[in-house]
Protein chains: 2
Amino acid sequence: MYTRFDLEGRKVAPEMLTDSIATMTAHQSVRAFLPDPLPAGALDAILTAARSSPTSSNLQAYSVIVVTEPERKARLAELSGRQRFIAEAPVFLVFCADQWRLQYVCDRQGYPMVAQYLDAFVIAVVDAALAAQNAVVAAESLGLGTCYVGSIRNDIAAVCNLLGLPQRVMPVTGLSVGYAAPWARPGLKPRLPARVTVHRERYSTEGLEEALLEYDREMVEHGHYSGRQVSLPGTAPVPESEYGWLEHTARRLTQPEVVAPSASLRAQMRTVLERRGFQFD
Amino acid sequence: MYTRFDLEGRKVAPEMLTDSIATMTAHQSVRAFLPDPLPAGALDAILTAARSSPTSSNLQAYSVIVVTEPERKARLAELSGRQRFIAEAPVFLVFCADQWRLQYVCDRQGYPMVAQYLDAFVIAVVDAALAAQNAVVAAESLGLGTCYVGSIRNDIAAVCNLLGLPQRVMPVTGLSVGYAAPWARPGLKPRLPARVTVHRERYSTEGLEEALLEYDREMVEHGHYSGRQVSLPGTAPVPESEYGWLEHTARRLTQPEVVAPSASLRAQMRTVLERRGFQFD
């Protein structure tokens, strides 16, 4: 199995390359799927792994919606930036932050629910993310492909409506699961050098500039942004040889709506969520 | 290996129980560690798994701080509700949501960073959580124990100071990693029945009340809250046989500061984060 250790030209002792670590370091997102259903028992295994994830104070402040109906998947694909693979894959999981159930428990036991500040939102979002990542590792360990769909948050109100989510349940990420189409394995994507994202004892920016330039060159050579340049109104195109992670990332962050028109809705997320009962005090 | 399938009395086909799925469904948090260092190469393998996690639009909006200095771990233990195991374990990882680096990239390329609304915060928190969960699975696949420390968010300003975090970098979760003390394996914790947290096509509350009562009884029988009753001022203690997940959860959510006095700081998280440059528009 070709892993990130290979991609980065690093040796790893065989006893460190457990099946789990091999699976995770060989991860690549898959954006084209065969129509074949999952093997028998796979969905249950994936969901059991998700349900086994750690959760803050055992609150289990998340829910998963398993979507397999073709029309519903097609509608979710439309709402998520028209990404066709969402409809292609046999299963689409929607991992939600769920404060509704906790409110139900407080009401039932006769206590006002006080913990409704920003931290409670973080707890629910993190619980959903941890469950989702276990699902990813489980699916990939079974030879299946996955792709997260953050654009499930483009139009939260419409997604809540389609999935019947009650007040205070928010879709955090979608996850397509299925057999990868053979042409859907572009290879591992290089990541920022470890010295950029990993710090010893204290946050450090030593050597940051050199490391970013090294990564930028690597991404250009890797051809990752070839033909995918974000064009900003009033800004000239950049030669492909100079368009790497730095310029692509900055352009996305300066005009998110150029990349995906529906993404402009994300700027209104807080208003939508407050209307749906979330509090961010 | 005893897994959640066993705990729930369910059969699983051997080909579904990959090493990864076995590792994840055997997860239990460990709150006492031996002082032994990690085996050679383990930290690198764990961090490479973390760096291989999926990330929204390849933004990699997270950072990890690796803490091994005894004094720093001891101080972090104090700041996180005095949980002794944080100082015990040889390694404490702090997974942070990192918008600072993205601002640096925008400044460097000469664009204003527009994407600063609530969704950008969610992206960074989720990136940090996905990396953290890969680290958990990697560590546990190597036979190590782990425990998340959400109380790293009790006093964010002090933690930022201790770890030298720049503006717009927020600790999301701590993670202790080390060899579990032999007495630190309490067994798998039951989770809410799948029909509560997993929904088909649309959110459903059918059978919720019965399922919650079933879980409540299971947690009482499991003895999970034995001697751990949250006492609320003005509320009488409940017999142990009636104190389960429902009452414990409701009490925590109605008076979070009774459980952990420092947790009252969490109610001020938004103010602290805004002072540190985060925006939640």
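Residues numbered from 1 in each chain as written. Chains lettered and ligands numbered in written order. Predicted model: local features only at pLDDT ≥ 70, side-chain atom pairs only at ≥ 80, totals over all residues. Heavy atoms only, no water.

S.K.: What exactly am I supposed to notice about the nonpolar core here?
M.R.: Side chains that are nonpolar tend, in soluble globular proteins, to be buried together. Leu93(A) and Leu93(B) are the most contacted members of the largest nonpolar core, which has 205 residues in total. Discounting residues that sit within four places of it in the chain, Leu93(B) has contacts with Leu43(B), Ile46(B), Leu47(B), Val64(B), Ile65(B), Val66(B), Thr173(B), Gly174(B), Leu175(B) and Val177(B). (Core = buried A, V, L, I, M, F, W, Y, C linked by side-chain atoms within 4.5 Å. Buried < 20%, exposed > 50% of the residue type's maximum accessible area, 1.4 Å probe, protein only. Contact = heavy atoms within 4.5 Å.)

S.K.: Which parts of the structure should I look at to understand the packing of aromatic side chains?
M.R.: Two numbers describe a pair of aromatic rings. These are the distance of the centres and the angle of the planes. Evaluated as defined, the whole model comprises 16 aromatic pairs over all chains. Seen in terms of ring centroids, Phe33(B) and Phe85(B) are 6.3 Å apart; in terms of plane orientation they differ by 45 degrees. Their pairing is tilted. Pair noted here: Phe33(B) is in the loop between α2 (19-25) and α3 (42-51) and Phe85(B) is in helix α5 (residues 85-88), with a separation of 52 residues, a long-range link. Assigned by exposure class, Phe33(B) and Phe85(B) land together as buried. By way of ring pairs, the aromatic residues Trp100(A), Tyr104(A) and Tyr203(B) are connected into one cluster. (Phe/Tyr/Trp six-rings, centres within 6.5 Å; stacked < 30°, edge-to-face > 60°. Helix = DSSP H or I, 4+ residues; strand = E, 2+ residues; numbered from the N terminus.)

S.K.: Can you walk me through the packing of helix α3 (residues 42-51) of chain A against helix α7 (residues 118-141) of chain A in this structure?
M.R.: To describe two helices that pack against each other, one gives the angle between their axes and the distance between the axes. All names here are of chain A. The contact between α3 and α7 brings their axes to 7 Å, and the two run at 145 degrees. Between α3 and α7 lies a crossing of right-handed hand. Each of Ile46, Ala49 and Ala50 in α3 lies in contact with α7, whose residues at this interface are Ala131, Asn134, Ala135, Ala138 and Ala139. Class assignment for the residues of the contact of α3 with α7 results in seven nonpolar, one polar and no charged. (Axes fitted to C-alpha atoms, helices over the stretch in contact; angles between N-to-C directions. Left-handed = near helix turned anticlockwise from the far one by under 90°. Nonpolar A, V, L, I, M, F, W, Y, C, P; charged D, E, K, R; others polar.)

S.K.: Teacher, can you tell me more about the environment of Glu247(B) here?
M.R.: Residues and elements named next belong to chain B. Looking at the secondary structure, you find Glu247 in helix α11 (residues 245-254). Residue Glu247 is classed as buried on the basis of its relative accessible area of 9%. As for Glu247 and Pro190, which are separated by 57 residues in sequence, their C-alpha atoms are 16 Å apart.

S.K.: Sorry, what's going on with empty space enclosed by the protein here?
M.R.: To find leftover empty space, a probe the size of one water molecule is rolled over the atoms. Scanning the entire structure with this criterion turns up two cavities of 30 Å³ or more. Here the largest cavity defines a volume of roughly 60 Å³. For the largest cavity, the full set of lining residues is Trp100(A), Arg101(A), Arg195(B), Val196(B), His199(B), Tyr203(B), Ser204(B), Thr205(B), Glu206(B), Gly207(B), Leu208(B) and Ala211(B). Counting residues per element, the ones that place at least two in the lining of the largest cavity are α6 (100-109) of chain A together with α9 (194-197) and α10 (208-221) of chain B. Taken as a whole, the second largest cavity encloses approximately 40 Å³ of empty space. For the second largest cavity, the full set of lining residues is Met24(A), His27(A), Gln133(A), Val136(A), Val137(A), Glu140(A), Ser52(B), Ser53(B), Pro54(B) and Asn134(B). With four residues, α7(A) is the largest single contributor of residues to the lining of the second largest cavity. Classifying every residue of the lining of the second largest cavity by side-chain character gives four nonpolar, five polar and one charged. (1 Å grid on protein atoms, 1.4 Å probe; cavity = no way out; pocket = protein on both sides within 12 Å on 5 of 7 lines; lining within 4 Å. Points joined across faces, edges and corners; volume = space filled by probe spheres on them.)

S.K.: Which parts of the structure should I look at to understand the interface of chain B and chain A?
M.R.: Interfaces are often sized by the accessible area lost when the parts come together. In this complex, chain B contributes 124 residues to the contact, which on the side of chain A involves 124 residues. Roughly 10900 Å² is buried in total at the junction of chain B and chain A, and carbon and sulfur atoms are behind 60% of that figure. Three residues stand out in chain B for area buried against chain A, namely Arg51(B), Glu201(B) and Tyr203(B), and they jointly supply 9% of the buried area on that side. Scanning the region where chain B abuts chain A turns up 12 salt bridges. For Glu209(A), the salt bridge goes to Arg108(B), with nearest N and O atoms at 2.5 Å. Connecting chain B to chain A are 79 residue pairs in polar contact (both at pLDDT 80 or more). No other element matches helix α7 (residues 118-141) of chain B, which puts 14 residues into the side of chain B that touches chain A. (Buried area = accessible area lost by both parts, 1.4 Å probe. Salt bridge = Lys/Arg side-chain N within 4 Å of Asp/Glu carboxyl O. Polar contact = N/O pair within 3.5 Å; in protein donor to acceptor, adjacent residues only side chain to side chain.)

S.K.: Even after reading the chapter, I still don't get the sheet that holds strand β2 (residues 91-98) of chain B, so can you show me in this structure?
M.R.: Strand order in the open sheet formed by five strands is β5(A)-β1(B)-β2(B)-β4(B)-β3(B), and the pairing between neighbours is mixed. Here the strands that pair on one side only, and so sit at the sheet edges, are β5 (198-200) of chain A together with β3 (145-149) of chain B. Across this sheet, the average inter-strand angle for adjacent strands is 25 degrees, counted without regard to direction. Bridging between β3(B) and strand β4 (residues 169-178) of chain B involves five bridges; their strand directions are antiparallel. Residue pairing in the sheet places Val149(B) in a bridge with Gly174(B) of β4(B). Set on the sheet, α7(B) makes contact with β1 (62-67), β2, β3 and β4 of chain B; between it and β2(B) the angle comes to about 155 degrees. (Pairing = 2+ DSSP bridges.)

S.K.: Teacher, can you tell me more about the confidence of the model for chain A here?
M.R.: Detailed reading of the predicted coordinates is not advisable wherever pLDDT is low. Overall, the predicted model of chain A reaches an average pLDDT of 95, with 98% of residues at or above 70. Two numbers describe this predicted complex: its pTM, 0.98, and its ipTM, 0.98. (pLDDT = per-residue confidence, 0-100.)

S.K.: I keep staring at the sheet that holds strand β5 (residues 198-200) of chain B and nothing clicks. Help me out?
M.R.: As a general point, the strands of a sheet are linked pairwise by backbone hydrogen bonds and lie either parallel or antiparallel. The sheet built from five strands is open, its strands ordered β3(A)-β4(A)-β2(A)-β1(A)-β5(B) with mixed pairing. With partners counted over all chains shown, the strands left at the sheet margins are β3 (145-149) of chain A together with β5 of chain B, one partner each. For this sheet, the mean angle separating the axes of adjacent strands, direction not counted, is 25 degrees. Of the pairings in the sheet, the one linking strand β1 (residues 62-67) of chain A to strand β2 (residues 91-98) of chain A comprises six bridges and is antiparallel in character. In the strand pairing of β2(A), Val66(A) is matched with Leu93(A).

S.K.: Help me understand the relation of the copies chain B and chain A, please; the structure alone is not making it clear to me.
M.R.: For the pair of chain copies, the relating operation is a rotation around an axis with a shift along it. In the superposition of chain B on chain A (RMSD 0.0 Å, axial shift 0.0 Å), the rotation amounts to 180 degrees. Look at the turn and shift together and you get a two-fold axis relating the two. Among all residues of chain B, the minimum C-alpha distance to the rotation axis is found for Ser20(B), at 2.3 Å. When the interface residues of chain B are mapped onto chain A, 100% of them again lie at the interface, so the same face is used by both copies. (Least-squares fit on C-alpha atoms with pLDDT ≥ 70 in both.)

S.K.: What is the right way to look at the pattern of salt bridges in this model?
M.R.: A side chain of one charge can pair with a side chain of the opposite charge if their charged atoms are brought near each other. Counted under the stated rule, the structure contains 28 salt bridges over all chains. Between Arg251(A) and Glu247(A) there is a salt bridge, and its shortest N-O distance comes to 2.7 Å. You can see Arg251(A) and its partner Glu247(A) sitting in helix α11 (residues 245-254), four residues apart, about one turn around the helix. As far as the burial class goes, Arg251(A) and Glu247(A) line up, both buried. A salt bridge links Glu8(B) to Arg10(B); the nearest nitrogen and oxygen atoms lie 3.0 Å apart. Under the relative-accessibility criterion, Glu8(B) is labelled partly exposed at 27%. For Arg10(B), a relative accessible area of 26% puts it in the partly exposed group. Connected through salt bridges with shared partners, the residues Glu8(A), Arg10(A), Asp44(B) and Arg51(B) form a single ionic network.

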